[in-house]
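The residues making up each chain are set out below.
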Amino acid sequence: MGKTLYRKIWDAHTVGTLPDGRTQLFIDSLYLHEVTSPQAFAMLRELGLPVLHPERCYATPDHIIPTDDRTEPYADKRAATMLSELRRNCKEHGIRLFDMPSGQQGIVHMVMPELGITQPGMTIVCGDSHTATHGAVGSIAMGIGTTQVRDVLATQTLAMSPLKVRAVRVTGTLRPGVTAKDVALHIIGRLGAKGGLGYAYEFCGSTIEDMDMDARLTLCNLAIEGAARCGYINPDDKTFAYLKGRPYAPTGAAWDAAVERWKSFASDADAEYDDVVEFRAEDIEPTVTWGISPDMSIGIGEVVPSPEDAPDAESRKARTAALEYMKLSPGTPIEGLPVNVVFIGSCTNGHISDFRAVAPLLRGRKVAPGVRALAVPGSQMTDRQCREEGIDTIFREAGFEWRLPGCSMCLAMNADKLVGDEICASTSNRNFKGRQGSPTGRTLLMSPVMAAAAAVTGCVADARKVFQLGE
Amino acid sequence: MPLNKITEVIGKAVPVPGADMDTDRIIPARFLKCITFDELAGTMFYDERFNADGSSKGHPIDAPQHAGAVIILGGENFGCGSSREHAPQAIKRSGIAAVVAESFAEIFFGNSTGIGLPCVCASHDALVQAMRLTEQAPDTAWTLSLADMTLRGGELCLPVRMPEEAREALMQGRWDAVVELMNAPEAVEALAARMPNPQPHC
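Residues numbered from 1 in each chain as written. Chains lettered and ligands numbered in written order. Predicted model: local features only at pLDDT ≥ 70, side-chain atom pairs only at ≥ 80, totals over all residues. Heavy atoms only, no water.

Focus: the overall build of chain A
The cut-off we apply is this: Helix and strand definitions here come from DSSP, where helices need a minimum of 4 consecutive H or I residues and strands a minimum of 2 consecutive E residues; each element is numbered from the N-terminal end. Here the globule rule is a power law, 2.2 Å times the number of residues to the power 0.38, and the radius of gyration is based on C-alpha atoms. Type-normalised accessible area, obtained with a 1.4 Å probe on protein chains alone, sets the label of each residue: buried when under 20%, exposed when over 50%, and partly exposed for intermediate values. The contact rule is simple, with two residues in contact once any of their heavy atoms fall within 4.5 Å. We get accessible surface area from the Shrake-Rupley algorithm with a probe of 1.4 Å; when it comes to residues, only the shown protein chains can shield them. Charged residues are defined here as Lys and Arg on the positive side and Asp and Glu on the negative side; His and the ends of the chain fall outside this count. Here the site of a charge means NZ on Lys, CZ on Arg, CG on Asp, or CD on Glu.
A count of helices and strands for chain A gives 17 helices and 19 strands. For 471 residues, the compact-globule estimate of 2.2 N^0.38 gives 23 Å, and chain A sits close to it at 21 Å. Taking the principal axes of its C-alpha atoms as reference, chain A extends roughly 55 × 55 × 45 Å. Per-residue burial over chain A gives 67% buried out of 471 residues. Relative to all contacts within chain A whose residues are 6 or more apart in sequence, the contacts with residues 24 or more apart total 75%. Counting every atom, chain A has about 14,900 Å² of accessible surface; 52% of that belongs to carbon and sulfur. With 49 positive and 57 negative side-chain charges, chain A shows a spacing of 3 Å between the two charge centroids.

What follows is the structure in structure tokens.
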């Protein structure tokens, strides 16, 4: 019986078994940002321990970084302290930091794949749940807590138990206007926000194979929203083409050897899975969330569901609470719901391909009156590419604010926040209560093209109609 | 670094019902701007408990009859969302010593175990019973026993469960793994020497 990629990487990185039965797992790379690392360095100091392998750590500031004015010191003193702590800790321990002047700063989950630091066959962790993103190249990548960040800093290992593996197979051709974001929201909607508890998701099937790397990164990024701690895609020629020539990718003979090694991690044809679920690409519509959990989503042509139709008492209660928070009534068509803010960015949809997809649609169009629209590239590299291609100009001419790279309004730890109960059409990853900075703010998750349609019409709209995206 | 062995938690309980209690609700992002966890006491469930003007929303945690509760009774997928350890840290530093829920998000569960905050699962029916009793008789002194994996209170004796490794780690006072992770330096270095470590070539 063959093995899954998950099992192969797990076995190759197993140091041993701990007395409590957990595996001691070797971690290839630890990624760091300013929010979940200072406490870990403080714990390390308290224990009097050094960083064991600083050359396996890579840091960049992202969560608290302002996206408008970066003149230091920042107006937000606490944000300034967190940034200076990251700098101090990296300097003290000899850890590579992609700071603003490097031109390589950005959201950690954008920067590491773009630099080619994220490679197949690796174990990758970061104090951030969206670390799942990096599984897109064929690695085991997962979010961890701060005490575990300390463990990796001190020992380059973690105490873990293996997950089960579910093959999530999507086959067929996506219809025009349907993107990786819609695929992810569709899967989460069907399997539930807790459907992946205890599992790693292997995304496979012809639809996934057809996706470019940015789309794969989007899909794996959202695995955690379905409760799967990691999601991954077997490395293939697209993966290798993506990595080739990136600053941290191997070159020459080392490249050829690396590709051979990477290929060996792909799941065997006869690999055994703990579970298999299947989806058809043709069934997936442009999808929008209506509630306060990422599994509360509907196709653009559908209406806000009623608690009465919920399958059980618990979901009935959850729907009622969500409708109350969202100030929505059952039966309301989601299409046509007015929005106040549009946010295109985040580690989910802040990629170059996201901006490339939207730019031609915005050309010659304007953001609807009264709508505040933010475009926030995920990294300085993506920002540079957009500027070189004139994409930023198209966004600006349409009425978007073109901002500097960071997490921004995905979790609103900087000044980019919703106000009061504003509704935001957002390409980010979470529609939780208060997620975008206002305790009563409302988030509708959707793809970048759908967010663009909302921007130009001022309400939730079907991008296929607005932009004539024909079959 | 001797750790305390966590075998049981005794005290009052407080219901925090609802599925998918995400870590943004457990601790909103604005409270994450700290460089240690020391300031997190009292921040748990902040926006669930208080209005923008600081007035109470009447959350069970702030109800006088639940004052001093040490056990949270929750729903399915408790702690989903962000990996922020601030969430279990805020819970623990607010005086809670255990969480009993239908299920837990993986990262939250690991973070909690690692700081000595037991998270145990109970069935939906068991939690309904426990919540009912806690509402009817809030002074009920519950005993969560990791030794026999039960939650006992009043006439109730409810089965609970958790992964054996986590139970073992808590009961043996080995929940902070760092000491044991330092016990195999040769094996770790052998892997470190063998596993690729991306470096810039330009």
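Some details on the environment of R229 of chain A
The condition is simple: What qualifies as a polar contact is a pair of N or O atoms within 3.5 Å, subject to a donor-acceptor requirement within protein and to the restriction that residues adjacent in sequence count only when both atoms come from side chains.
With respect to the helices and strands, the residue R229 of chain A is situated in the loop between helix 8 (213–221) and strand 11 (230–232). With 87 residues separating them along the chain, R229 of chain A and M142 of chain A place their C-alpha atoms 5.9 Å apart. The contact partners of R229 of chain A, leaving out residues within four places of it in the chain, are A132, A141, M142, G143, I144, Q148, M160, L163, Y199 and I224 of chain A together with E106 and I107 of chain B. Polar contacts involving the side chain of R229 of chain A include one to the main-chain carbonyl oxygen of G143 of chain A, which spans 2.9 Å.

Brief notes about the pairing of strand 3 (residues 29–32) of chain A
All names here are of chain A. Put simply, the rule reads: Here the rule is simple: two strands pair whenever DSSP picks up at least two bridges between them. Looking down the strands as they point away from you, a crossover is right-handed if its path from the first strand over the helix to the second goes clockwise.
With burial as the criterion, each face of strand 3 is covered, one bearing S29 and Y31 and the other bearing L30 and L32. Where strand 3 lies against strand 6 (residues 123–126), three bridges are found, and the strand directions are parallel. Counted as the bridge partner of L30 is V125 from strand 6. Each parallel crossover has a hand, and for strand 3 linked through helix 2 (residues 38–47) to strand 4 (residues 57–59) it is right-handed.

Concerning the domain arrangement of chain A
All names here are of chain A. The test is simple: Where each domain begins and ends follows an automated or database-derived domain assignment. Here, a salt bridge means any side-chain nitrogen of Lys or Arg that lies within 4 Å of a carboxyl oxygen of Asp or Glu.
Splitting chain A by domain gives domain 1 (5–264) and domain 2 (287–466). Here domain 1 and domain 2 have C-alpha centroids that lie 24 Å from each other. Domain 1 puts 43 residues into the contact, and the matching count from domain 2 is 43 residues. Between the two partners, domain 1 and domain 2, sit one salt bridge. The salt bridge involving R430 is made with E225; its shortest N-O contact spans 3.0 Å.

Some remarks on the interface of chain B and chain A
For clarity, the cut-off: A simple way to read buried area is as the amount of 1.4 Å-probe accessible surface that goes missing from two parts once joined, with both sides added. For this scheme, ten residues count as nonpolar: Ala, Val, Leu, Ile, Met, Phe, Trp, Tyr, Cys and Pro. Four count as charged, namely Asp, Glu, Lys and Arg, and the remainder, Gly too, count as polar.
Counting residues at the interface gives 61 residues for chain B, matched by 80 residues for chain A. Carbon and sulfur atoms make up 59% of the area that chain B and chain A hide from each other, which totals about 5,600 Å². Counting the surface chain B buries against chain A, the share from its top three residues, K33, I35 and L181 of chain B, is 14%. Put simply, chain B and chain A have six salt bridges between them. Across the pair R435 of chain A and D24 of chain B runs a salt bridge whose closest N-O atoms are separated by 2.8 Å. Here chain B and chain A share 27 residue pairs in polar contact (both at pLDDT 80 or more) between them. Contributions of two or more residues to the side of chain B that touches chain A are made by helix 1 (23–26), helix 2 (46–49), helix 3 (86–93), helix 4 (106–114), helix 6 (164–171), helix 7 (178–181) and helix 8 (185–194) of chain B. Examining the composition of the side of chain B that touches chain A, we find that six residues originate from one element, helix 8 of chain B, more than from any other. In the side of chain B that touches chain A, the residues fall into 27 nonpolar, 14 polar and 20 charged.

Looking at the sheet that holds strand 2 (residues 13–15) of chain B
Residues and elements named next belong to chain B. Condition: Between N-to-C directions, angles cover 0 to 180 degrees, with each direction set by a line fitted to C-alpha atoms, over the stretch in contact for helices.
The four strands lie next to each other as 2-3-4-5, forming an open sheet whose pairing is parallel. At either margin of the open sheet sits one strand with a lone partner, and together these are strand 2 and strand 5 (119–121). Taken pair by pair, the neighbouring strands of this sheet meet at an average axis angle of 20°, ignoring direction. Note: strand 2 against strand 3 (residues 71–73), three bridges, orientation parallel. Within the sheet, the bridge partner assigned to A13 lies in strand 3 and is I71. Contacting strand 2, strand 3 and strand 4 (98–101), helix 5 (residues 124–136) runs over the sheet at an angle of about 110° to strand 2.

Regarding the nonpolar core
Cut-off, in case you're wondering: Among buried residues, the Ala, Val, Leu, Ile, Met, Phe, Trp, Tyr and Cys ones that are joined through side-chain atoms within 4.5 Å form a nonpolar core.
Counting residues in hydrophobic clusters, the biggest one holds 74 residues, and the most contacted among them are I71, I72, F78, I91, V100 and L151 of chain B. Per-element tally for this core: the top contributor is helix 5 of chain B, with five residues. Counting the residues that make up this core, at least three belong to each of domain 1 (5–264) and domain 2 (287–466) of chain A. Not counting residues up to four positions away in its chain, the partners in contact with I71 of chain B are V9, G11, K12, A13, V14, I96, A98, V100, W142, L144 and L151 of chain B. One finds V304, V339, M450 and V460 of chain A within the second-largest nonpolar core, a separate group that totals 52 residues.

Notes on the environment of A75 of chain A
Residues and elements named next belong to chain A. Inspection of the secondary structure assignment puts A75 in the loop between strand 4 and helix 3 (77–93). Judged by relative accessible area, which is 78%, A75 ranks as exposed. A C-alpha to C-alpha distance of 29 Å links A75 and A398, two positions 323 residues apart in sequence.

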